Every structure is written in C-alpha cells, then in structure tokens.
Amino acid sequence: MHIVVCTKQTPDSAAKLTVDEAGNVSWGDSPIIINPWDEYAVEEAILIKERFNGEPKVTVISMGPEEALEALKHAIAMGCDEGIRVWDEAFENSDTLATSYVLAKAIEKMGDVDLVLFGKSAIDSQTGQVPIEVARRLGFSPLTYVIKIVELDIEGRTITVERLLEQGRQVVKAPLPAVIGTVKGINEPRYPSFMGIRKATRAQYPVWTGADIGVEPDKAGAAGSGVRWERIFPPPVREGGAEIIEADTPEEAARILVDKLMAEKVI
Amino acid sequence: MDFALTEEHKMVVRMVRDFAEKEVAPYIKEYDRAHKPFIKAMERMGELGILGICIPVRYGGQGMDYISLGLACEELERVDSSLRVVLSVHVALNSLGLLQWGTEEQKQRFLVPQAKGERFAAYALTEPGAGSDAAALTTTARREGDVYILNGEKMWISLATIAHNFLVFAVTDPQAKPRHRGITAFIVERDMKGVTTGDIHGKLGVRAGSTGWIAMEDVEVPVENRLGEEGEGFKIAMSCLDNGRYTIGAGATGLIRACLEASVKYALERKTFGKEIGQHQLVQQMIAHMKRDYEIARLLYLRAGWLKNQGIRNTWQTSLSKWFATEASFAAASNAVQIHGAYGYSDEYDVERYLRNSKGACIYEGTSQIHEIIQAQYVLGYREDRPLRCELPAYDPEEWQREA
C-alpha cells in the first residue's frame, strides 16, 4: 500500500503579515513551517502505517521552492518514509488549478498510490480547493472534511470515513484509490522524535521538475492559472467598541444584554 | 569558526518549543499558584525522549549532543524554570554523572531507565549545614561487609519527593585531610529501608517544581551502588556540577529571552504620555540591556556546549556562563516587571513569576559569589584543572547512536 501526503510550507501562524502599497505581502523574518493543517494529514498517514504493522509506504510531497523542504523534513521527522519536492521555475504563481495539475502529475508518476491525504486547507490562502481538484484529475474518490477513518479494507479496496459537516456527521464508503481531506480533531499530531529529526536531516529529497513528471508548461504556473490578482490590499482595521451595561441588579443587566444581542442578531 | 546551529539543532529547538508552548504554557500559572509540581509535564518529557536527550542510544537515550541539551534548557526555561530544573537534576547532575563515572553494570541498571524517562533521578549534595562549603557535609557512610550504612540529611534537593534514584554524597573517611578526600558517592534508591523524603514549602520561586529533603537512617546501600572509588565523591560531585551549571546557564538564557519577549510585546501595546512606552528612552534602555545580556548569555553557554562536545574540560567556561546568565536573568526579570508597571506586579502577567524564579539560580549550584571567586582564582593562577580518572566523554555521533 502506498500513501501520499501533500504538504505545503506556510509562514508561522504567529507571523505578522504586512501588505505594502504595491501589494507585496511580507511576513518579516518569521520562520517557514509546515502548514499546521497538514500535520493532521501526516499524522493520519503514520497512524495507518502503524495500524498495518509498518507495511504501507508513506511518501510526503510538496510543490514549492527550496523553502518547501522545511515541510518535508518535518513530515519525515514525524515518521514518513520519504520526501519529494516538486518544483520548477515554471510552477511560480500557480493558483489551485495549476497546483492540483502539478500534484496530480507527480502522483501519477508514482503509479501505485492508494490514498492521498491533505490538510483541510493551507493557513495562508485558505481555499481548500486543491484536494478536490486533485481527486477529480486523478479520478480518485474525493473525501473531504474527514474526522475519522472508520475502516480501511485494503483487500476489498474500499475505505469508510466519517465526515464532519455543518449539519452533523456523515459516514460514507468509497472505493480506493481515494483523496482524503483531514480536519482538526481527526488525531493529535505527534512531535517529531529525536530519531526522526536525525533521519530528516540526513535524508535525500529528490526534486521532480516539470519535465520529470510530464507537465505541459501552459497548464502550470501563472500560465495555467485561472485566477488573476487584480489588487492585493490589507483588510480595513476592525474598530472594536465596548459598552458597559449599567443596571440595578444582575438580572436586569442580563435582560438588557440579551435584548441587545437579539437586536444585533447575535442570538 | 562556525556560529551556525545545525539542521538537527534547529529541529530540536522547534520540537521542544512546541511541546513547552502547547503542553506547559497554558497550565503553568495554575500549578505555580497552587505550589504543585507539574508531574504530567515531566512524564511527557520522558515519553518524548527529552529526559534522555544527550544520552547514547545504547543507554536508552536519544543520542543527541550536549548543545542540544543546552538548547532544550533554553526553550524549557523560556516557559518555566521548573521544567529546566528537571533537566538539570535528572539529566545533567545525575544521568551524565552515571555516564561519566558509572560502571557498565550501573549504566544498564540505572542510566537506561532514567534516560527512557521510566525512573526519575536527583542529586543530593547539599545539607542543612553544607551548601557553598560542600566539603563540610556530615552525612556518613560506614562500610559493613558488602554494604555501606548511610545516615544523615540532605536539604534543598530538587525532585526529592518524586525521584526514584538519588546520587548521594557521604563521608566515608572522617579523618581524611583535606576533608573532601573522605567523601564518596552512592546511588541510593527511594525504596531502600530508612529513606524518607519531604517537600519544602514557602519557596519564593519555582513553585511548580519539587524541592525537598531526604533523611537517611541506617540505610543499607550495597557496594555495587557506590559510584566511583571511595574518596572520589567530591571530584564526582564537582564534575556533575560542570554539567548542572551548564544547563542552568542555558536555562537562564531562556528566561532572559522570555523577559525580553514579554517586555517588547508590552512596550508596543501600552501607551503613556500619548505614545507607546517603547518610544521612551528609559524603557528602551532596559530592553537594550536584556537584548545584550541574552546574546552574551547564549554565546557563553553554546561555547560551553561546544567544549563538552569536543571532550575539552570546561569548568571555568561553564561557571562563567552560569554566573553571568543567572545574574542577568534576575536583572532582566526585574526590569521586565518595571516595564509592565503595576500589571507586572500582579500574577496576571508572567513577569512576576520570572522574577521569583530567577533568584534561585543565583544561589544554587554555586552562588554568584562562589562563581566570582572561581573566575578570579583561575585568572590569578590559584586554581587549575587536574585530569580526572573518568572524563565526560566527547560527543561522537556514531558512538552515541549505535544501538548496542
């Protein structure tokens, strides 16, 4: 069995993002880390590997420049078997459409993939589109918002998962191969182990270019993207206000508070 | 010369920082207020391998180097001193002492479970009447056949009521001249008959840590639990302090960083006289001093760690690191409270805890005054290092990481 985890490198969630007048986004000298949502996907892949006595192979891939190595190293230090960076200058400025194309081509090249795991979205762009697009391109079963893998039947080639939806939980069964978008709560990601850290710093991380995976140049990068950035600007600063409710008794204060919350349609 | 941390070091820093921020920072105030040791955090440090970070893999450890130990201490004490104290006593004062001086049998019996975090370890040198004057200890060990009979009391012992194994120093030859030649080291186990322990209450700081006393009444300690030779105890005690002080210097560096981070955050938020207080020059001065001291303290402990990796004796460098960093952390914490004004005086903010926690390290493992004397004595030529029968082994990645 072969599991692939797709990861992305993002600025640390504690980073202070700034946007200058020209629309350049900066997060200062904040470190680049593995997208925090992806840690759930990595953990789930390792849990599956452990459940099947270490038999499944877990490959982590990331499309990105040299900085993407941080995400790969983190995943290897957690327990993934190998890491591959997919990058080409032609992949610059890819939107989700172009990104999913490149990732799907890389997964196709591996040939024997049964499961592809993603975090629910990336904390920088927050689109959550890539897992669905990759599933569509590969013809794999798309299973998003997965909070639990109920059953993985390797011989029967099916997977049963619980999805966390706004309306409640939904249990679905789908044929393998499948793409899974994980959500927070599916597990508690482990810290990298010291042995894992040593492995991660000594591992080789091959780079697959567009030519290596058969990418058509006009389908990747800005050329292959449907989204155009017209203007980038910081959102207006939200003005907060506080009001102290004065009343003779706590009950009276609570009643006034409830009225106000209802008037504002908060409750 | 290379000042860069390796990729491994950077990943160790990130891992320990994540652990401390996620699993300790949200709860530490509660434990500190309740004067309650954070046992769960200790157990997690064991599970994660932090309690055996720089011990060779074949002795149950993680096979990282001595610099990793220092970096872990910096990250832990940035969140709370009590966590770093655990590394100081369990790893540096006890486990590294076993690695340096223990027989193979002792390493298998005691070091392996300690490095795996299955057993906690402490270091018992100080007594009610013997602190800075360590050779004045009165605990006795009388040999009778294959056992030693230990009697006496140890005081101010970190993890006294939690540890399973204690490295105890006792007088085996009361006639020895000078006195320190009559001291011997023993591994005393909690479940030995005659061992009782208790906690000390009313401490100024490190309230989420365990500090207590150990009383020994006719405790029979088998000969195979003697660490080193008879009369070698003082040398062992001092060599252990070379490692303990290293972790304190590194930890105090983390405490300075915590003060600096808290002060910068507050100075950018709080406004007085129509501007944020970071714009006031006297606030800037306090922050500049913290930054200066953080950078100096970090260089001092990393140099000591590098010397340990090389297998080079580092007594004065470690003493300097400990002396400078602990005094600087006390000053930084005092200034951090000052910057926070009245808020800093309440436990709503962390800085009052930093101030209370910083003072202890200026006292234990050699007061600042003892370290001043050590520095002067080296420079004046009154003191020199003599080779030890067993030196702390230099870090060798292959040797540290081989399985058996």
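The rules behind these values
Residues numbered from 1 in each chain as written. Chains lettered and ligands numbered in written order. Predicted model: local features only at pLDDT ≥ 70, side-chain atom pairs only at ≥ 80, totals over all residues. Heavy atoms only, no water. Disulfide = S-S within 2.5 Å. Buried < 20%, exposed > 50% of the residue type's maximum accessible area, 1.4 Å probe, protein only. Phe/Tyr/Trp six-rings, centres within 6.5 Å; stacked < 30°, edge-to-face > 60°. Helix = DSSP H or I, 4+ residues; strand = E, 2+ residues; numbered from the N terminus. Lys NZ or Arg CZ within 6 Å of the ring centre and 35° of its normal. Salt bridge = Lys/Arg side-chain N within 4 Å of Asp/Glu carboxyl O.

Here's the deal with the state of the cysteines
Residues and elements named next belong to chain B.
Right, so step 1: In total, this model carries zero disulfides over all chains according to the counting rule given.
Right, so step 2: Lacking any disulfide linkage, C259 is separated from the closest cysteine sulfur, that of C362, by 12 Å.
Right, so step 3: C259 gets classed as buried once you look at its relative accessible area, which sits at 0%.

Thoughts on the packing of aromatic side chains
Right, so step 1: Inspection of every chain in the model, using the stated rule, returns eleven aromatic pairs over all chains.
Right, so step 2: Both rings, one in Y191 of chain A and one in F19 of chain B, keep their centres 6.3 Å apart while their planes meet at 85°; by these two values the pair is edge-to-face. Of the two residues, Y191 of chain A sits in the loop between β12 (178-182) and α5 (194-202) while F19 of chain B sits in helix α1 (residues 7-24), which places them in two different chains. The residues Y191 of chain A and F19 of chain B share a single accessibility class, namely buried.
Right, so step 3: Between Y395 of chain B and W400 of chain B the ring centres are 5.4 Å apart and the planes differ by 70°, which places this aromatic pair in the edge-to-face class. Each member of the pair, Y395 of chain B as well as W400 of chain B, is classed as buried.
Right, so step 4: If you follow K109 of chain A out to its NZ or CZ, it ends over the ring of W208 of chain A, 4.9 Å from the centre.
Right, so step 5: One Lys or Arg, R231 of chain A, reaches over the ring of F233 of chain A and ends 4.2 Å from the middle of that ring.

Let's talk about the pattern of salt bridges
Right, so step 1: Counted according to the given criterion, the structure contains 45 salt bridges over all chains.
Right, so step 2: The salt bridge involving R169 of chain A is made with E162 of chain A; its shortest N-O contact spans 2.8 Å.
Right, so step 3: For R169 of chain A, a relative accessible area of 52% gives the class exposed.
Right, so step 4: Judged by relative accessible area, E162 of chain A falls into the buried class, the value being 15%.
Right, so step 5: A salt bridge links E232 of chain B to R389 of chain B; its shortest N-O distance comes to 2.7 Å. Of this pair, E232 of chain B sits in the loop between β8 (226-227) and α7 (233-269) while R389 of chain B sits in the loop between α11 (368-380) and α12 (397-401), placing them 157 residues apart in sequence.
Right, so step 6: Because the salt bridges share partners, they merge into one network encompassing R17, E21, E74, E75, R78, R257, E261 and R298 of chain B.

Shape is all these values report; function is a separate question.
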